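Chain and residue survey
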Amino acid sequence: MKKARKQYIKSCEVSEVVTVNLGGYPQKIAIEGRKKNLPVVICLHGGPGSPVPFSVGARGLFPDWTDTAIMVYWDQLGCGINNRKIDNSFTIDSFVEMTCDLAREIKTRFPQNKLYLFGISWGSVLALKAALRLSELLSGAFVYGQLLKGEFFSEEIAEAFSSAPRKVREEMDEILKTGADCSYKVLNKNLQKRFKYINKYTNGYINKNGEPLKIGEIAKGLFTSPDYRFRDFIAVVKNGYRGNESLVREVLAIDLTKELCDVRIPYFILQGDTDLVTSTNTVCEAVQNCGNENVTVKIVENSGHMPSGKGMEEAIHALTEFIS
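What this report covers is the structure whose coordinates are included nearby. (Residues numbered from 1 in each chain as written. Predicted model: local features only at pLDDT ≥ 70, side-chain atom pairs only at ≥ 80, totals over all residues. Heavy atoms only, no water.)

An α-helix turns once every 3.6 residues. As a result, residues three or four positions apart point the same way. The set of residues buried in helix α12 (residues 280-290) consists of Thr-280, Val-283, Ala-286, Val-287 and Cys-290. One side of α12 holds all its buried residues, which, seen down the axis, span an arc of 130 degrees. Opposite the packed face of α12, turned more than 90 degrees from it, sit the exposed residues Asn-281, Glu-285, Gln-288 and Asn-289. Looking at the buried positions of α12, the neighbouring elements they touch are α11 (257-262), β7 (267-272) and β8 (295-300). (Buried < 20%, exposed > 50% of the residue type's maximum accessible area, 1.4 Å probe, protein only. Helix = DSSP H or I, 4+ residues; strand = E, 2+ residues; numbered from the N terminus. Arc of directions from axis to C-beta. Contact = heavy atoms within 4.5 Å.)

So this is what it looks like as structure tokens:
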């Protein structure tokens, strides 16, 4: 771990890893902020099961964020430092309940501070559903890459491959035609191929025109974390979500447009302009149609589902404005 990172951790009035009970399971979370009186932001990572970049191993890694807010990093049950097998009994609601438990726990620790949720991709599902249950507790929610409905097998994805090689177009057409109503072995293979092709032939996952996010530096920061062991680092990628079928199918079938209409706290969405994983067109249309003044959306140029370097800058800037 770099000397500057150690010094930053020591300089924070709040910087610790604690164990809390979420959904009936003891789980570790990291809490870090430069000052004790800052607003508190609970980070809900993507996946399910992908605790990057904001994980328990990230203490001292993001001073731009922790100078602005007390950040709560949680490796959701089944990955990272909280790795365990996630069998088919776990549902979306299981993780929403854990999110609500975490918010209540944090509020007891910081009763005078404003409390916000920050969800990325899959984490946006948890943020939106928890926002409906905790409107009296939360001051707002902020997400990047809102997962809303029907993105995985949409016609928009098919159109994005119009200039791809013929073989690729044919394979994508077949994947879209097969849909989710097939064996899990076929579905899993198709989803992996779909992500691979979106990443290679479109700007839907990573926008190749934007400044790339420094994933290598983030990975190195997690590997040298004062809180991660080697097995925790490995469980960022290879973890208890492998082989889980029910949660994947539930996510594929999700439709949160009604929830978007019912939000009663400020809910701010950042979307990459070329995002195909969580369709920006679908999200913008839903926000416009819901007529909910609490819900707003902002488009980040040259950014896909994975935020670019500029996307991360936009996110910290937008978060700073949102919580202040």
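Once you've had a look at it, read on.
Note that strand β1 (residues 14-22) and strand β2 (residues 25-33) share nine bridges and pair antiparallel. Bridging across to β2, Thr-19 finds its partner in Lys-28. Between β1 and β2, which pair antiparallel in sequence order, lie two residues; one of them, Gly-23, sits at a positive phi of approximately 65 degrees. (Pairing = 2+ DSSP bridges.)

Its twelve residues give helix α4 (residues 122-133) an end-to-end C-alpha distance of 18 Å, which sits within 8% of 16 Å, the value for a rise of 1.5 Å per residue. Taken across its twelve residues, α4 has nine buried, putting it largely inside the fold. Trp-122, Gly-123, Ser-124, Val-125, Leu-126, Ala-127, Leu-128, Ala-130 and Ala-131 are the residues of α4 that are buried. (Expected span 1.5 Å × (residues − 1).)

Right, let's talk about the sheet that holds β1 for a bit. Pairing is mixed across the open sheet formed by eight strands, whose spatial order is β1-β2-β4-β3-β5-β6-β7-β8. Two strands close off the open sheet at either side, each with one partner strand: β1 and β8. In this sheet, adjacent strand axes meet at a mean angle of 20 degrees when their direction is disregarded. The sheet contact formed by β7 and β8 spans six bridges and is parallel. (Axes fitted to C-alpha atoms, helices over the stretch in contact; angles between N-to-C directions.)

Looking now at the packing of aromatic side chains. Under the counting rule described, the total for this entry stands at 18 aromatic pairs. Where Phe-90 meets Phe-95, the ring centres are 6.1 Å apart and the plane angle is 40 degrees; that geometry is what we call tilted. Residue Phe-95 is classed as buried on the basis of its relative accessible area, which comes to 0%. Ring geometry for Phe-142 and Phe-322: centres 6.1 Å apart, planes at 35 degrees, overall tilted. Separated by 180 residues along the polypeptide, Phe-142 in strand β6 (residues 140-144) and Phe-322 in helix α13 (residues 309-323) bring together distant segments of the chain. Exposure remark for Phe-142: the relative accessible area of 0% places this residue in the buried category. Ring pairing ties together the aromatic residues Phe-54, Phe-62, Trp-65, Tyr-73, Tyr-116, Phe-118, Phe-142, Phe-268 and Phe-322, which thus form one cluster. Lying over the aromatic face of Phe-195, Arg-194 brings its terminal NZ or CZ to 5.1 Å of the ring centre. (Phe/Tyr/Trp six-rings, centres within 6.5 Å; stacked < 30°, edge-to-face > 60°. Lys NZ or Arg CZ within 6 Å of the ring centre and 35° of its normal.)

Bringing the pairing of strand β5 (residues 115-120) into the picture now. Judged by how many residues are buried, β5 sits mostly within the fold: six of six residues are covered. Here β5 shows two buried faces, one formed by Leu-115, Leu-117 and Gly-119 and the other by Tyr-116, Phe-118 and Ile-120. Note that strand β3 (residues 40-44) and β5 share five bridges and pair parallel. The partner of Val-40 across the bridge, within β5, is Leu-115. For β5 and β6, the ladder comprises five bridges, and the chain directions are parallel. Opposite Ile-120, over in β6, you have Tyr-144 as the bridge partner. Assessed by its sense of winding, the connection that carries the chain from β5 through α4 to β6 is right-handed. (Right-handed = clockwise from strand over helix to strand, strands pointing away.)

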